[in-house]
Amino acid sequence: MDDLFGDIKPGSSSTSSAAKSPAAQTEEEEYESVLFVARECYVYKLPARTSTAGYKAGEWGDMEAFIWKGRCRVMEYTKGESSRAVVRLEDSNTGELFAQSPYDKTGKAVEAVLDSSRYFVLKVVDVKSGKHAYLGMGFQDRGEAFDFQVALQDWQKRQRAPKEDFSQSNSSSSSSTPAAPKHDFSLKEGQTISVRLGGASAPPKKSTGPKESGGPIPLLAPPPSVRKR
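How each quantity is defined
- Residues numbered from 1 in each chain as written.
- Predicted model: local features only at pLDDT ≥ 70, side-chain atom pairs only at ≥ 80, totals over all residues.
- Heavy atoms only, no water.
- Helix = DSSP H or I, 4+ residues; strand = E, 2+ residues; numbered from the N terminus.
- Contact = heavy atoms within 4.5 Å.
- Areas by Shrake-Rupley, 256 points an atom, 1.4 Å probe, with all protein chains shown as cover.
- Pairing = 2+ DSSP bridges.
- Axes fitted to C-alpha atoms, helices over the stretch in contact; angles between N-to-C directions.
- Buried < 20%, exposed > 50% of the residue type's maximum accessible area, 1.4 Å probe, protein only.
- Lys, Arg positive; Asp, Glu negative; His and termini not counted.
- Salt bridge = Lys/Arg side-chain N within 4 Å of Asp/Glu carboxyl O.
- Polar contact = N/O pair within 3.5 Å; in protein donor to acceptor, adjacent residues only side chain to side chain.
- 1 Å grid on protein atoms, 1.4 Å probe; cavity = no way out; pocket = protein on both sides within 12 Å on 5 of 7 lines; lining within 4 Å.
- Points joined across faces, edges and corners; volume = space filled by probe spheres on them.
- Nonpolar A, V, L, I, M, F, W, Y, C, P; charged D, E, K, R; others polar.
- Phe/Tyr/Trp six-rings, centres within 6.5 Å; stacked < 30°, edge-to-face > 60°.
- Lys NZ or Arg CZ within 6 Å of the ring centre and 35° of its normal.

All right, on to the overall build of the chain then. Helices and strands together make up the secondary structure of the chain, namely 2 helices and 7 strands. Listing the helices and strands of the chain from first to last along the sequence gives α-β-β-β-β-β-β-β-α. Nonlocal contacts in the chain, meaning residues at least 24 apart in sequence, comprise 63% of its contacts between residues at least 6 apart. As presented, the chain carries roughly 16,400 Å² of accessible surface, and 53% of it is formed by carbon and sulfur atoms.

Written as structure tokens, this is what we have:
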């Protein structure tokens, strides 16, 4: 699968670095940071999708029949004001890239399955050819799966924050428009007001408990813990 998935490399320019000023070189530097890391995750080949309702890990077959096991990292690459996030599946010992999933603001590159909180579907992309494929991925620890989702959601929120700030500034500027004249409802001299007091209303009924929503999500076994060779 090495020829299918290529590594993400910082963008290069045809201009020689010797011809650039130090300031220009500083502006083009790309910084990377680790948003999440799990030493072990399991990758599965997905069967043909039969509906658009969503993925279910229970339909992937034997959970011990994974095709790859290794490290999962969520990386953020920042260059100037732009930022991009990538889910990288790497060899736990050598760091060699197995597959990668570029994550964007839409969040469609990573999809949680419907029947478990430990499993996800990744859209992996070969940067060189532009081809993509879908793979299943699972974590043994439910906490790692939760942290994985939080890392992606936090990055997604940070990318949307500038637009939200802009919309808030527009709403505050619109509130500075002149307000309509206020009506005077005060009593004039000689006017009176009468108030009729009715019986005490019945006290509100106490809730008997929280309403039950749909049935529980069926539990699915986590990926195997035994190293498979």
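There is more to say, and it comes next.
Moving on: the sheet that holds strand β1 (residues 31–45). Pairing in this open sheet of 7 strands is antiparallel, and the strands run β4-β3-β2-β1-β7-β6-β5 from one edge to the other. Among the strands making up the open sheet, the edge pair consists of β4 (97–103) and β5 (110–112). Strand-to-strand twist in this sheet, taken as the mean axis angle between neighbours without regard to direction, amounts to 35°. Note: β1 against strand β2 (residues 68–79), 10 bridges, orientation antiparallel. Looking across to β2, one finds that V34 is bridged to M75.

In this section: the side chain of D126. Residue placement: D126 occurs in the loop between β6 (119–125) and β7 (132–138). In this structure D126 is buried but unpaired, with K128 as the nearest side chain of opposite charge at 6.5 Å. A distance of 2.7 Å separates polar atoms of two side chains, one belonging to D126 and the other to S129.

Let's shift gears to the environment of D115. Within the fold, D115 resides in the loop between β5 and β6. Residue D115 is classed as buried on the basis of its relative accessible area, which comes to 11%. At 2.9 Å, the side chain of D115 and the backbone nitrogen of A57 are in polar contact. Only 2.9 Å separates the side chain of D115 from the backbone nitrogen of G58, close enough to count as a polar contact.

A separate point is the pairing of β2. Among the 12 residues of β2, 9 are classified as buried, and the element is accordingly described as predominantly covered. Count of turn residues in the β2/strand β3 (residues 82–90) antiparallel hairpin: 2 residues, of which G80 carries a positive phi of about 65°.

Taken as a whole, the largest pocket encloses approximately 190 Å³ of empty space. D104, K108, A109, K123 and Y134 are the residues nearest the centre of the largest pocket, which is lined by 14 residues in total. Taken together, the elements giving at least two residues each to the lining of the largest pocket come down to β4 and β6. Broken down by element, the lining of the largest pocket gets its largest block of residues, 4 residues, from β6. Classifying every residue of the lining of the largest pocket by side-chain character gives 8 nonpolar, 1 polar and 5 charged.

Moving on to the pattern of salt bridges. Where charged atoms of side chains with opposite charge meet at close range, the side chains can pair. Counted under the stated rule, the structure contains 6 salt bridges. E76 is paired through a salt bridge with R158; the nearest N and O atoms lie 3.1 Å apart. Pair noted here: E76 is in strand β2 and R158 is in helix α2 (residues 142–174), with a separation of 82 residues, a long-range link. R158 gets classed as partly exposed once you look at its relative accessible area, which sits at 41%. Among the salt bridges present, the one from E90 reaches R88, with a minimum N-O distance of 2.6 Å. Like E90, the residue R88 is buried in the burial classification.

Evaluation of the coordinates by the stated rule reveals 11 aromatic pairs. Judged by centre distance (5.1 Å) and plane angle (65°), the ring pair of F120 and F148 falls under edge-to-face. Taken together, the positions of F120 in strand β6 and F148 in helix α2 put the pair 28 residues apart, joining distant regions of the chain. This pair shows no difference in class: F120 is buried, exactly as F148 is. An aromatic cluster is defined as three or more aromatic residues linked by ring pairs; in this entry it consists of F36, F120, F139 and F148. Here the guanidinium or amino end of R49 rests over the ring plane of Y55, the centre of that ring lying 4.0 Å away.

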